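Topology and contacts: notes
Residue-level listing of the chains:
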Amino acid sequence: MTTPSERLAALGLELPPVAAPVAAYVPATASGGQVMTSGQLPTVSGELVARGKVGAEVSIEVAVDAARIAGLNALAAAASVAGGLDAIARIVKATVFVASTPDFTGQPQVANGASQLFVDVFGDAGQHVRSAVGVPVLPLDAPVEIELVVEPVGAR
């Protein structure tokens with residue numbers, strides 16, 4: 001049986017460093033047998049991969065990729081508190097915020113960029129409940145932001 005870190009490597013990915021907070025909060029914390037992350041943006045090396053609203057400046061394809069990157073950043077934050085990627089037993093919930101135009105209704109499709117990553121890395125344990133919410137603006141003009149709740153190994 002392969003581990004989540006082995007599956008991540010097979011995808012050609014690695015966990016990035018945990019993104020530094022842009023305000024007064026921590027990237028992730030543990031409470032009640034779960035690890036929760038703060039909202040994670042689609043950044044690579046500290047830079048947003050896209051800016052703007054989905055349905056205007058940002059295409060659906062770019063937004064899906066941005067959600068995948070934000071999901072990877074959320075996994076890094078969760079793993080930093082859980083004790084590593086392989087110390088995450090399952091993904092419990094993902095909340096995906098999509099900065100979008102008022103007429104854009106494809107938030108679930110954008111969120112699938114992250115959801116598919118979680119399933120690819122954790123298999124059945126990556127299946128999760130989810131909310132995909134359209135919002136008028138996100139921090140730094142990011143097109144997507146993701147929060148995770150995960151269950152660490154041995155938390156039950």
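For the structure, see preceding data.
Residues numbered from 1 in each chain as written. Predicted model: local features only at pLDDT ≥ 70, side-chain atom pairs only at ≥ 80, totals over all residues. Heavy atoms only, no water.

1. Topic: the overall build of the chain
Just so we agree on the cut-off: A run of H or I in DSSP counts as a helix once it spans at least four residues, and a run of E counts as a strand once it spans at least two, with each numbered from the N terminus. Only protein chains enter the accessibility calculation, which uses a 1.4 Å probe; a residue is then buried when its area is under 20% of its type maximum, exposed when over 50%, and partly exposed in between. Any two residues having at least one pair of non-hydrogen atoms within 4.5 Å are treated as being in contact. In this description, accessible areas are obtained by the Shrake-Rupley approach with a 1.4 Å probe, and a residue is regarded as covered only by the protein chains that are shown. Charged-residue counts in this description rest on Lys and Arg as positive and Asp and Glu as negative, His and the chain ends being excluded. To locate a charge, take atom NZ for lysine, CZ for arginine, CG for aspartate or CD for glutamate.
Each helix and strand counted, the chain has 3 helices and 7 strands in total. Its helices and strands in sequence order give the chain the pattern α-β-β-β-β-α-β-α-β-β, from N to C terminus. With respect to the principal axes defined by its C-alpha atoms, the chain has extents near 45 × 35 × 25 Å. Taken across its 156 residues, the chain has 46% of its residues classed as buried. Partitioning the intrachain contacts of the chain with sequence separation of at least 6 by distance along the chain shows that 81% fall at a separation of at least 24. Element-wise, carbon and sulfur atoms account for 55% of the exposed surface of the chain, whose accessible area totals about 7,400 Å². Within the chain, one finds 8 positive and 14 negative side-chain charges whose respective centroids are separated by 6 Å.

2. A closer look at the nonpolar core
Using the following cut-off: We call a set of buried residues a nonpolar core when its members are Ala, Val, Leu, Ile, Met, Phe, Trp, Tyr or Cys and they connect through side-chain atoms within 4.5 Å of each other.
Membership of the largest hydrophobic core comes to 37 residues, with the highest contact counts inside it found for Ile88, Val110 and Val144. Of all the elements in the fold, those that place two or more residues in this core are helix 2 (60-82), strand 5 (88-99), helix 3 (107-122) and strand 7 (144-152). A per-element tally of this core places helix 2 first, with 12 residues. Counting residues in hydrophobic clusters, the runner-up holds 6 residues, among them Leu48, Ala99, Val135 and Ala142.

3. Observations concerning helix 3
Worth spelling out the cut-off: For a helix, the expected span equals 1.5 Å multiplied by the number of residues minus one.
Compared with an ideal rise of 1.5 Å per residue, which puts 16 residues at 22 Å, helix 3 spans 23 Å between its outermost C-alpha atoms and is within 8% of the ideal. Of all the positions in helix 3, only Gln107, Val110, Ala111, Gly113, Ala114, Ser115, Leu117, Phe118, Val121 and Phe122 are classed as buried. If you follow the buried residues of helix 3, they end up packed against helix 1 (4-10), helix 2, strand 5, strand 6 (129-135) and strand 7. Immediately beyond the C-terminal end of helix 3, within one or two residues, lies Gly123, with a positive phi of roughly 65°.

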